[in-house]
Structures are given as C-alpha cells and as structure tokens.
Amino acid sequence: MSEAPPSSPAPDTASAVHSGSADRFGYEWGRYAELKDIYEEQFRRWTPFLKPEDWHGLTFVDVGCGMGRNSHWPMSYGAAGGLAIDIDERSLASARATLAPHPAMEVRRQSAYELNEVERFDLAFSIGVVHHLAYPETALANMVRAVKPGGRVMIWVYGRENNGWIVRFADPLRKALFSRLPIGLVHALSLPPTALLWLALRLGLDRLEYFRLIRRFDFAHLRSIVFDQMLPKIANYWRRDEVEALMTGAGLEDVQLAWVNEISWAAIGRKPQE
C-alpha cells in the first residue's frame, strides 16, 4: 500500500531530508544529465494546464529541480526567471550546466522543507518530487507561501490508478531490497529489466498511453526511467482523491487535476487573494 499524505508537520529539517532519497537521485542526475528534445514533450504532458505562451513573463520556483530540465523549458518559452532548488551537489552541478544559458535562473542548494521565500513567485511547481517525500504537506505549504496572492502551485505525482501491479509487486521489492542497496549496484541491476521493457515495447506493448510514449525513447532514456523507479527510499502512488485532498488541504482554490499518460496526476491550484 502507498502511504497517504501525513497530517502532521515535519520534524527537524535534517531528519526529514535524510528520510528521502536526495543522494540517490543525485547519482541519477549526475549520470543522466543530457538535455534531450523528447524531455520537452514529457514536460508539456506533466504541465497540461499551461501552454508554452502562458509561461511568458512568469516568475517561478522549481522545487526539486534535478538536472534542471523542467526549468529550462519555461525559460525557453519566455519566463522571466526564478529559482531552482535541490540538495545534492551532483544534481545542482547538472542543473547549473543545463540552466547556464538562462542567467535569470538562480540554482540554490535548498530542500523543499527549507524553502522560505514569501510571496515572491507567480508559480511554484514540483515535478516528480512530492511523492518521494516523507512530509509532502510541509513541502506543499512552503510552495504555497512562496507564491504571491493569486499565484498558482502545480505538482505532478504518481497515480495509483493503472499502477496496481507496481504497488503490489515492484514497490515491495523496491522497499525491501533496492532502496537499501548501494546506488551503483542498483544502477547495474537496472539493466536486465530495462532490456525486458525495451523488448516488450518493440513487440507491441501499448496498453497504456505511457507505453506508447516511452516506445519512442532510446535505451539509455528507458534505463534512466527504470532506474528512477528502483532507487528511492519513498515512493507514493496516490489516487485522484488523495491528490485533490493534498492540494485543497494546503489552502489552494480552483484546484484542477489532469490524468497524465493514464498512470499519473498533474494538479494545479490558486493561492487565495487574501
């Protein structure tokens, strides 16, 4: 079973950060730092509420920026600039390289729990991060505080719907084994399942929109996805109602949800004007 979003605030920041997988994702983003064109399509699917032209002039904070690709695309669409945060130095080094052409972007070593900006940005977003946190409500509260009154908060998270086989079989294996192994060994172990996935896609696996999308990915890209699923200490798969409750519980209004690739949820809400 996936863990529901907690209702209590995080304890001290150090223990909250340690409970996550920043160091393990740092290994990933240090190794898979190439900016590929296909990432733009992924970004647009993860952020269905905003067209490229909607980013023009916006300021934003990217919470858990990884190698910086999800800040690169808004800047290429004409966003005014903002802040990208993460806490592993390998992730930050990759993000600084990715965002070097965008001097209006600040890359900062800071966790979602430490984000202390107040009413600075038009938009706060977090893609593929909140579901890996022990205290997602605390992170979301900080994101809400960081946007201006009337500003928006947007997340993309794993869905439970259509991921039952992961929750029942793959996720217990991740918890019991892969999340405890040295990260280099986990990367080595990601090769066989990637080869099986690559073969299945070539043989016609297309039951979900997600499979139809990733069939277009090269082998290295597929391996990064498989590896990404194997490495974290925490991975939640939330139902639609749980994602909606997380957003409304943070005090956001006009909450909208979108079903992404038939396996995940994107959500956006607006901070009240008062």
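This one's a predicted model, so the numbers in the text were calculated from it and none came from an experiment.

### A look at the nonpolar core
Phase 1: Grouped together as the largest cluster of nonpolar side chains are 58 residues, with contacts concentrated most on Trp55, Phe60, Met154 and Ile214.
Phase 2: At five residues, helix α11 (residues 219–230) tops the list of elements feeding residues into this core.
Phase 3: Per-domain counts for this core show at least three residues from each of domain 1 (20–160 + 235–271) and domain 2 (163–231).
Phase 4: Those residues within four positions of Met154 in sequence are excluded, and the remaining contacts are Thr47, Phe49, Leu50, Trp55, Leu123, Ala124, Phe125, Ser126, Met143, Ala267 and Ile268.
Phase 5: One finds Ala112, Tyr135, Val153 and Trp265 within the second-largest nonpolar core, a separate group that totals 30 residues.

### With respect to the UniProt feature "transmembrane region" (unreviewed entry) in the protein chain
Phase 1: Summarizing the sequence annotation, UniProt attributes the feature "transmembrane region" (unreviewed entry) to residues 184–205 in the numbering used throughout.
Phase 2: With 82% helix and 0% strand, residues 184–205 has its two end C-alpha atoms placed 29 Å apart.

### Topic: the sheet that holds strand β7 (residues 264–270)
Phase 1: Spatially, seven strands are ordered β3-β2-β1-β4-β5-β7-β6 in an open sheet, and the strand pairing comes out mixed. Each edge of the open sheet carries a strand with a single partner, namely β3 (105–109) and β6 (253–260). Direction aside, neighbouring strands of the sheet carry axes that sit 15° apart on average.
Phase 2: Here strand β5 (residues 147–158) pairs with β7 via seven bridges, running antiparallel. Bridged to Val153 within β7 is Gly269.
Phase 3: Lying on the sheet, helix α5 (residues 89–98) is in contact with β2 (81–86) and β3; it crosses β3 at an angle near 170°.

### Regarding a nonpolar patch on the surface
Phase 1: Residues Leu191, Trp198, Leu199, Leu203 and Phe219 make up a contiguous nonpolar surface patch of about 470 Å² in total accessible area.
Phase 2: Looking at which element gives the most residues to the nonpolar patch, the answer is helix α9 (residues 191–202), with three residues.
Phase 3: With respect to the helices and strands, Leu203 occurs in the loop between α9 and α10 (209–214).

### Brief notes about helix α4 (residues 69–76)
Phase 1: Buried residues dominate α4, accounting for seven of its eight residues.
Phase 2: Burial in α4 covers these residues: Arg69, Asn70, Ser71, His72, Trp73, Pro74 and Met75.
Phase 3: One or two residues past the end of α4 sits Gly78, with phi positive at roughly 105°.

### Details of the packing of helix α2 (residues 22–31) against α5
Phase 1: Closest axis-to-axis distance for the α2/α5 pair is 7 Å, and the angle between their directions is 35°. Note that α2 runs across α5; the crossing there is left-handed. Where α2 approaches α5, its residues Asp23, Phe25, Gly26, Tyr27, Trp29 and Gly30 are matched on the opposing element by Arg90, Ser91 and Ser94.

Basis of the calculations
Residues numbered from 1 in each chain as written. Predicted model: local features only at pLDDT ≥ 70, side-chain atom pairs only at ≥ 80, totals over all residues. Heavy atoms only, no water. Core = buried A, V, L, I, M, F, W, Y, C linked by side-chain atoms within 4.5 Å. Buried < 20%, exposed > 50% of the residue type's maximum accessible area, 1.4 Å probe, protein only. Helix = DSSP H or I, 4+ residues; strand = E, 2+ residues; numbered from the N terminus. Domains from an automatic or database assignment. Contact = heavy atoms within 4.5 Å. UniProt positions renumbered as here; feature names shortened; annotations may be inferred. Pairing = 2+ DSSP bridges. Axes fitted to C-alpha atoms, helices over the stretch in contact; angles between N-to-C directions. Patch = residues over 30% accessible without salt bridge, like charges linked within 9 Å, V, L, I, M, F, W, Y side chains within 5 Å. Areas by Shrake-Rupley, 256 points an atom, 1.4 Å probe, with all protein chains shown as cover. Salt bridge = Lys/Arg side-chain N within 4 Å of Asp/Glu carboxyl O. Left-handed = near helix turned anticlockwise from the far one by under 90°.

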